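The primary structure of each chain is shown beneath.
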Amino acid sequence: MANIIRAIQVVVNYRITDVESFYKSRIRINSVGDALEAFIKDIFADTINEVDEGKKNLAYERTFSYFGNQNNPPDFMLINGDAVEVKKIQSESSQIALNSSYPSAKLFSNSPMITAACRNCEDWHEKDIIYAIGSINKTNNLTALWLVYGDCYAASREIYEKIRTTIANGVLTIPEVEFSQTKELGRVNKVDPLGITNLRIRGMWQIEHPGKVYNYLGIEYPPEKSFRLFALISKSKYDSFSREDKKSLEAIANSDLQIKDVKVRNPDNPAKLIAAKLISYQI
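Report on the accompanying structure. Note that this is a predicted model, so its numbers are computed, not measured. (Residues numbered from 1 in each chain as written. Predicted model: local features only at pLDDT ≥ 70, side-chain atom pairs only at ≥ 80, totals over all residues. Heavy atoms only, no water.)

1. Points about the packing of helix α1 (residues 4-14) against helix α3 (residues 32-45)
Running from amino to carboxyl end, α1 crosses α3 at an angle of 110°, the nearest separation of the two axes being 7 Å. Considering the angle they form, α1 stands roughly perpendicular to α3. In the packing of α1 onto α3, the handedness of the crossing is right-handed. From α1, I4, A7, V10 and V11 reach across to α3, where they touch F39, I43 and F44. (Axes fitted to C-alpha atoms, helices over the stretch in contact; angles between N-to-C directions. Helix = DSSP H or I, 4+ residues; strand = E, 2+ residues; numbered from the N terminus. Parallel < 35°, antiparallel > 145°, perpendicular 65-115°, else oblique. Left-handed = near helix turned anticlockwise from the far one by under 90°. Contact = heavy atoms within 4.5 Å.)

What follows is the structure, given as structure tokens:
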């Protein structure tokens, strides 16, 4: 079954960093962002070198239950596995734009932000979510890729929903306002005397880059390395993967690929720590 452990091994095996040029020679892409998303799909489906589009589609069908769009999370879901949200940035010092979707520790089937197709693609209630954050430099090379699980990165959804609800309730306190609930924060209708102007209230969520969030882990960045991959997985999640997959990954650990036991701050209560695995691959 496709999972993050196998995906990391695909990255190690193929050592591809110029994702735009690589995919231009194989498929039509509109942007380097599309190339990054194609790359993330291919490392999970293990189809990096598959050039036959028909065979690749069959492999995708065996691997994924859902492909998303730009307006609704996630970007894709693994069959009976995790959800994945892909984000492209140019600088690792930049905040990551999540637009109208707040960060998620888990993905829930009753979330108002997902589509009906996502909700009904398989029998599911809750999925772990991986944020795949790729840093693309000015020459379109992939310089860094973070694969971080939401439960190590984002607070529980009640934290963010409280903000949404408070904002909506605050708008309702304005006299003579006609307010509508939407998938965003809401809409104020008929603002002007003619009743022809509406105010759309939309959240623009952002989150700090994992490199900044986890700077207390003391991660070393050798200057001679041109590509870095980091994966952060809670120990309980790592332990849930098959023994064969873990042994296969651990067998290739070397100076480039390292697996460390770390403890990260609990996003709901930073006074508590979560045991986790930090997998780093730098070449």
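2. Concerning the packing of aromatic side chains
Each aromatic ring pair is characterised by the separation of its centres together with the angle its planes make. Here the structure, examined in full by the defined rule, presents 16 aromatic pairs. Both rings, one in F44 and one in F76, keep their centres 6.0 Å apart while their planes meet at 65°; by these two values the pair is edge-to-face. With F44 in helix α3 and F76 in strand β2 (residues 72-78), the pair connects residues that are 32 residues apart, well separated along the chain. In textbook terms, an aromatic cluster arises when at least three aromatic residues are bridged by ring pairs, as seen for Y131, W146, Y153, Y214, Y216, Y221 and F230. The side chain of K41 reaches across the aromatic face of F67, ending 4.0 Å from its centre. A cation sits over an aromatic face here: R157 above F108, 4.1 Å from the ring centre. (Phe/Tyr/Trp six-rings, centres within 6.5 Å; stacked < 30°, edge-to-face > 60°. Lys NZ or Arg CZ within 6 Å of the ring centre and 35° of its normal.)

3. Some thoughts on the nonpolar core
A general trend in soluble globular proteins is that nonpolar side chains are found buried together. Ranked by size, the top nonpolar core spans 46 residues in total, and within it I4, I8, F39, I40 and F44 carry the most contacts. The element best represented in this core is α3, accounting for nine residues. In contact with F44, not counting residues within four places along its chain, are A2, N3, I4, A7, T63, F64, F76, L78, V84 and I130. (Core = buried A, V, L, I, M, F, W, Y, C linked by side-chain atoms within 4.5 Å. Buried < 20%, exposed > 50% of the residue type's maximum accessible area, 1.4 Å probe, protein only.)

4. Quick word on the pairing of β2
Of all seven residues in β2, seven are buried; the element is thus mostly enclosed. Taken together, the four bridges between strand β1 (residues 64-69) and β2 define a ladder with antiparallel strand orientation. Residue pairing in the sheet places N69 in a bridge with N72 of β2. If you look at the hairpin formed by β1 and β2, you'll find two residues sitting between the two strands. Sheet topology note: the β2/strand β3 (residues 83-89) ladder contains two bridges and is antiparallel. Bridge pairing in β3 places F76 opposite V84. Between β2 and β3, which pair antiparallel one after the other, the connecting turn spans four residues, and N80 there sits at a positive phi close to 55°. (Pairing = 2+ DSSP bridges.)

5. Here's the deal with the state of the cysteines
Across all of its chains, the model carries zero disulfides by this definition. Sulfur of C121: no disulfide; nearest cysteine sulfur belongs to C118 and is 5.3 Å away. (Disulfide = S-S within 2.5 Å.)

6. With respect to the pattern of salt bridges
A side chain of one charge can pair with a side chain of the opposite charge if their charged atoms are brought near each other. By the definition in use, this model includes 13 salt bridges. The residue D128 makes a salt bridge to K106 at a minimum N-O spacing of 2.4 Å. Of this pair, D128 sits in strand β6 (residues 126-136) while K106 sits in strand β5 (residues 106-108), and the two are 22 residues apart along the sequence. Ionic pairing is found between D239 and K235, a salt bridge with its closest N-O pair at 2.8 Å. Here the residue D239 and the residue K235 both occupy positions in helix α8 (residues 235-240), the gap between them amounting to four residues, near one helical turn. Residue K235 is classed as partly exposed on the basis of its relative accessible area, which comes to 37%. (Salt bridge = Lys/Arg side-chain N within 4 Å of Asp/Glu carboxyl O.)

7. Details of the side chain of S135
Looking at where S135 falls in the secondary structure, it is placed in strand β6. Taking the relative accessible area as the measure of exposure, S135 reaches 1% and is therefore buried.

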